[in-house]
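Summary of the model geometry
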Amino acid sequence: LKGTASVNQRYQEAGISFHAGGLSAKTSDSLVVVDGISGQFKGDFSSTTGDAALKYQVDRLVIKNSDDTPPTSANGFRFEVGSKTNGQRLTNIYVDTQLQNAVYEGENYGPGNLRLDIRRLDASVMERIQKEIQKTQQEMTQQGLPPEMLPLALQPILMKALPELLKKQPEIEITKLDLTT
């Protein structure tokens, strides 16, 4: 495992990257092999919303069962998510995934791509949601509540913020979707 981390002098920008050659795990009836794991994070936290990007990549994943079923595999998987806030205090978020090829039950799939863009989210509402989520997490920890309860605790926060998020007319668009079978 190799990695680097960096932070600027004012702690407003950070970066982390790592690369691992691979790993494997074996049970009595299966073997999982993962090769070429890498990731990168870059963030600018000069505002509370922050601009950030997270990239994660796996060169090869293979799952072999001890029975006669064909192995399941995926090659060239890449996942990226990021956000950026513009001068109008609107936040844009994207999720981008790519897969070179996969084999499931002997059938080949790929390449495949999916990109989802969410645009025009009100940055001030997003900041408030983020603060309320952090406060809720702290309160739950202090009360000894399990983290599995967090989604339930966040529902009222998100439902209250939804009308405000819709005021800026946000957009959701699948900008890329393809899979070869």
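Up top you'll find the structure we're talking about.
Okay, so let's go over this structure. Computed from a predicted structure; not experimentally measured. (Residues numbered from 1 in each chain as written. Predicted model: local features only at pLDDT ≥ 70, side-chain atom pairs only at ≥ 80, totals over all residues. Heavy atoms only, no water.)

Packing of helix H1 (residues 123–142) against helix H2 (residues 150–166) brings their axes to within 10 Å, and their N-to-C directions diverge by 165 degrees. Considered as vectors, H1 and H2 are oriented roughly antiparallel to each other. As for the relative orientation of H1 and H2, their crossing is right-handed in sense. Residue-level contacts link Val125, Met126, Arg128, Ile129, Glu132, Ile133, Thr136, Gln137 and Met140 of H1 to Leu150, Ala153, Leu154, Ile157, Leu158, Ala161, Glu164 and Leu165 of H2. Looking at side-chain class alone, the contact of H1 with H2 contains 12 nonpolar, 2 polar and 3 charged residues. (Axes fitted to C-alpha atoms, helices over the stretch in contact; angles between N-to-C directions. Helix = DSSP H or I, 4+ residues; strand = E, 2+ residues; numbered from the N terminus. Parallel < 35°, antiparallel > 145°, perpendicular 65-115°, else oblique. Left-handed = near helix turned anticlockwise from the far one by under 90°. Contact = heavy atoms within 4.5 Å. Nonpolar A, V, L, I, M, F, W, Y, C, P; charged D, E, K, R; others polar.)

Moving on: the pattern of salt bridges. Scanning all chains against the criterion turns up 12 salt bridges. Across the pair Asp35 and Arg60 runs a salt bridge, and its minimum N-O distance is 2.5 Å. Taken together, the positions of Asp35 in strand S3 (residues 30–44) and Arg60 in strand S4 (residues 51–65) put the pair 25 residues apart, joining distant regions of the chain. By relative accessible area, which is 24% here, Asp35 ends up partly exposed. Since its relative accessible area comes to 34%, Arg60 is described here as partly exposed. (Salt bridge = Lys/Arg side-chain N within 4 Å of Asp/Glu carboxyl O. Buried < 20%, exposed > 50% of the residue type's maximum accessible area, 1.4 Å probe, protein only.)

For the rest of this paragraph, the subject is a nonpolar patch on the surface. Judged by side-chain polarity, Leu1, Phe18, Tyr56 and Phe77 come together as a nonpolar surface patch covering roughly 410 Å² of accessible area. Along the chain, the position of Phe18 falls in strand S2 (residues 13–26). In this structure Phe18 comes out as partly exposed when scored by relative accessible area, which is 32%. (Patch = residues over 30% accessible without salt bridge, like charges linked within 9 Å, V, L, I, M, F, W, Y side chains within 5 Å. Areas by Shrake-Rupley, 256 points an atom, 1.4 Å probe, with all protein chains shown as cover.)

This paragraph deals with the side chain of Asn113. Tracing the sequence through the fold places Asn113 in strand S8 (residues 112–122). The class for Asn113 is buried, based on a relative accessible area of 19%. With near-sequence residues (within four places) excluded, Asn113 lies in contact with Thr97, Gln98, Lys176, Leu177 and Asp178.

Across 13 bridges, the pairing between S2 and S3 is antiparallel. Bridge pairing in S3 links His19 to Ser38. What sits between S2 and S3 in their antiparallel hairpin is a turn of 3 residues. Note that S3 and S4 share 14 bridges and pair antiparallel. Paired with Val33 across the two strands is Val62, which belongs to S4. (Pairing = 2+ DSSP bridges.)

With 20 residues, H1 should reach 28 Å at 1.5 Å per residue; the first-to-last C-alpha distance of 29 Å fits that figure. Where H1 is concerned, the buried positions are Ala123, Val125, Glu127, Ile129, Thr136 and Met140. Where H1 is buried, its residues meet strand S5 (72–85), strand S6 (90–104), S8 and H2. Looking one or two residues beyond H1, the residue adopting positive phi is Gly144, at roughly 75 degrees. (Expected span 1.5 Å × (residues − 1).)

Over its 17 residues, H2 runs 24 Å from end to end, which matches the ideal 24 Å to within 8%, given 1.5 Å per residue. Its axis deflected by about 30 degrees at Pro156, H2 carries its strongest bend there. Buried within H2 are the following residues: Leu150, Leu154, Ile157, Ala161 and Leu165. Buried-residue contacts for H2 involve S8 and H1. (Bend = angle between axes of the 7 residues up to and from the residue.)

Moving on: the environment of Gly82. Topologically, Gly82 is positioned in strand S5. According to the relative accessible area criterion, Gly82 is buried, its value standing at 6%. For the pair Gly82 and Gly43, spaced 39 residues apart in sequence, the C-alpha to C-alpha distance is 9.2 Å.

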